[in-house]
Amino acid sequence: MLNPRPVGAPSSDVTERIPVAWPALPRTDLLVPYLRQIDEARIYTNHGPLVDRFETRLAERLGFRKREVIACSTGTMALVGAIRAARNLSGHRGRLCLLPAYTFVATAGAALSCGYDCHLVDIDRRTWAIEPAALRQHPRLSEVGLVLPVAPYGRMIDLQGWQDFHDETGIPVVIDAAACLDRLMEPGISLPKTIPLAVSLHATKSFGCGEGGLVLSRDTTLLEETYKVFNNGFLGSRDAQTVGLNGKMSEYTAAVALAELDGFDEKSAQWSRVAAAYATAGNAIGARLWTAPETSGCYALIEASSPPQAAMIGARLVTAGVDIRNWYGAGLSEHPAYAQLSRDPLSVCADVAGSVIGLPCFTDLTKADIGRIVAMLAV
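What you are looking at is a predicted structure, and each value in this text was computed from that prediction instead of being measured.

### So, the overall build of the protein
The number of helices and strands found in the protein is 13 helices and 11 strands. For a compact globule of 379 residues, the expected C-alpha radius of gyration is about 21 Å, and the protein comes in at 21 Å, within 12% of that figure. Once the C-alpha set of the protein is aligned to its principal axes, its extents read approximately 65 × 60 × 40 Å. Looking at the protein as a whole, 53% of its 379 residues qualify as buried. Put simply, 70% of the contacts in the protein that link residues at least 6 apart link residues at least 24 apart. Looking at the protein as shown, the accessible area adds up to about 16,100 Å², and 52% of this sits on carbon and sulfur atoms.

Here's what the structure looks like:
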């Protein structure tokens, strides 16, 4: 087994692998002031002061109102909370969930855990996402009680189009925006009127706190319902008002998230440096690379001309000690747990899943290593 080399070590020894991801969260000394506040307050969870401060500061950073942001324990829990809240408020009785076949397994897992039957839909070749115009014509639309669009790799999708779809059909829509937080921090991004976005704060994301999640929405009634879902159904009393779960973010997680926010300008600049180095090297050889700002900063993707070419490139990289990742695998239908889900023909999903490879991407990836990686992409 090859081991990742220490930060700053030379890259000449090809026996040392380059990992596909090497997360860097705030170091211990940056956490200590927040941990001391926890010691003094002796509040460790249940919507404590650090969680409240994180939600307030993040809302300011995003240009949102404080009441448009709820933090929770994981990105998957963010999906579950938003789905349950949307269902509770809509009263829609449809049991079918339409979602893209090209996504991480947590998207389907969240919908199934909320009691929906999932039906896989093919993606648009240009956006790698499902499109609202196409779903308006779906033959099973009358059965649908939930649509789960995904913003793949943090690529922004048609938020207003999905709001229009919801307004016209009445079908609840929850957007899996797991990797989108850094994209949402860009100027000019606004939330849909009523549709919630579920965001992950996993360590591998551009903004991470180990494990954590967010639900973002302009619909404060929906966020209040989401709060109840995360809080075992409680709001303002010890009487459960809805069937809930424990999805709260702890004060310790909030401490990491606050320290991450303190240093995120510097971290964001590091992500941008890596993306720019990939873009420059990729342009020199004509490779079709996807990096920030088209994707979230934590991704660098090579899109080969075909699955066979991708397999050839992937084998070359692995042999040379460069880790790669098919982040969404071959699509949901190829995972044993989801192989029995009903589906449309998935030709585009199969082609994209077979052609897109995740390349190493982390904040201290060197320009020399990026040059070494990209040199192996040439056919």
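### Quick word on the pattern of salt bridges
Using the criterion set out here, one finds 14 salt bridges in the structure. Residue aspartate 265 is joined to arginine 61 by a salt bridge in which the shortest nitrogen-to-oxygen separation is 2.7 Å. Taken together, the positions of aspartate 265 in helix H10 (residues 264–285) and arginine 61 in helix H2 (residues 49–62) put the pair 204 residues apart, joining distant regions of the chain. What makes aspartate 265 exposed here is its relative accessible area of 56%. By relative accessible area, which is 32% here, arginine 61 ends up partly exposed.

### Points about helix H4 (residues 105–113)
Among the residues making up H4, those that are buried are Ala106, Thr107, Ala108, Ala110 and Ala111. Structurally, H4 contributes buried residues whose contacts are with helix H3 (75–90), strand E2 (96–100), strand E3 (117–121) and strand E5 (175–176). One or two steps after H4, the chain reaches glycine 115, where phi turns positive at roughly 95 degrees.

### Observations concerning the nonpolar core
Counting residues in each nonpolar core, the largest one holds 72 residues, and the members touching the most others are Tyr102, Trp128, Leu148, Tyr278, Leu359 and Leu377. For this core, the element with the most residues is H3, which contributes 8 residues. Setting aside residues up to four positions removed in sequence, tyrosine 278 forms contacts with Leu289, Thr291, Ala300, Leu359, Pro360, Leu365, Ile370, Ile373 and Val374. Among the nonpolar cores identified, the runner-up in size contains 52 residues, and Leu135, Ile171, Ala177 and Leu184 belong to it.

### Focus: the sheet that holds strand E4 (residues 144–147)
Taken together, the 4 strands give an open sheet; going across it, the order is E4-E2-E3-E10, and neighbouring strands pair in parallel fashion. Strands with a single pairing partner mark the edges of an open sheet, and in this sheet they are E4 and strand E10 (342–343). In the sheet, E2 pairs with E4 via 3 bridges, with the strands oriented parallel. In the strand pairing of E4, leucine 96 is matched with valine 144.

### As for helix H13 (residues 367–375)
Those residues of H13 lying buried are Asp369, Ile370, Arg372, Ile373 and Val374. The inward-facing, buried residues of H13 contact H10, strand E8 (289–290) and helix H11 (307–319).

### Describing the sheet that holds strand E9 (residues 301–303)
Spatial ordering of the open sheet is given by E8-E9-E11, a layout of 3 strands whose pairing is antiparallel. Because the sheet does not close on itself, it has two edges, and the strands there are E8 and strand E11 (356–358). Bridge count between E8 and E9: 2 bridges; the pairing is antiparallel. Paired with leucine 289 across the bridge in E9 is isoleucine 302. Running at roughly 40 degrees to E11, helix H12 (residues 347–355) makes contact with E9 and E11 of the sheet.

### Digging into the packing of aromatic side chains
The full count for this structure, using the stated rule, is 12 aromatic pairs. When the centroid spacing of 5.9 Å and the interplanar angle of 80 degrees are considered together, the rings of tryptophan 128 and tyrosine 153 count as edge-to-face. Taken as a pair, tryptophan 128 in the loop between E3 and helix H5 (132–135) and tyrosine 153 in the loop between E4 and helix H6 (159–169) lie far apart in primary sequence, 25 residues in all. Neither residue differs from the other here; tryptophan 128 and tyrosine 153 are each classed as buried. Ring centres of tryptophan 162 and phenylalanine 165 lie 5.3 Å apart, and the angle between their planes is 70 degrees; this geometry places the pair in the edge-to-face category. Highlighted residues: tryptophan 162 and phenylalanine 165, both in helix H6, separated by 3 residues, approximately one helical turn. The burial state of tryptophan 162 is the same as that of phenylalanine 165; both residues are buried. Aromatic rings pair up to connect Tyr102, Trp128, Tyr153, Trp290, Tyr299, Trp327 and Tyr328 into one cluster. Positioned over the ring face of tyrosine 116 is arginine 95, at 5.6 Å from the centre of the ring.

### With respect to the environment of alanine 78
Relative to the helices and strands, alanine 78 resides in helix H3. When the C-alpha atoms of alanine 78 and alanine 133 are compared, they prove to be 26 Å apart, with 55 residues separating the residues in sequence. Apart from residues lying up to four places away in sequence, alanine 78 is in contact with Cys72, Ala198, Val199, Leu214, Val215 and Phe230.

### Some remarks on the packing of H10 against H13
One way to put it is that H10 packs onto H13 with a least axis distance of 9 Å and a crossing angle of 35 degrees. H10 and H13 meet at a crossing whose hand is right-handed. Packed against H10, whose contacting residues are Arg273, Val274, Ala277, Tyr278, Ala281, Gly282 and Ile285, the element H13 presents Lys367, Ile370, Ile373 and Val374 at the interface.

So, how was this worked out
- Residues numbered from 1 in each chain as written.
- Predicted model: local features only at pLDDT ≥ 70, side-chain atom pairs only at ≥ 80, totals over all residues.
- Heavy atoms only, no water.
- Helix = DSSP H or I, 4+ residues; strand = E, 2+ residues; numbered from the N terminus.
- Rg over C-alpha atoms; globule rule 2.2 N^0.38 Å.
- Buried < 20%, exposed > 50% of the residue type's maximum accessible area, 1.4 Å probe, protein only.
- Contact = heavy atoms within 4.5 Å.
- Areas by Shrake-Rupley, 256 points an atom, 1.4 Å probe, with all protein chains shown as cover.
- Salt bridge = Lys/Arg side-chain N within 4 Å of Asp/Glu carboxyl O.
- Core = buried A, V, L, I, M, F, W, Y, C linked by side-chain atoms within 4.5 Å.
- Pairing = 2+ DSSP bridges.
- Axes fitted to C-alpha atoms, helices over the stretch in contact; angles between N-to-C directions.
- Phe/Tyr/Trp six-rings, centres within 6.5 Å; stacked < 30°, edge-to-face > 60°.
- Lys NZ or Arg CZ within 6 Å of the ring centre and 35° of its normal.
- Left-handed = near helix turned anticlockwise from the far one by under 90°.

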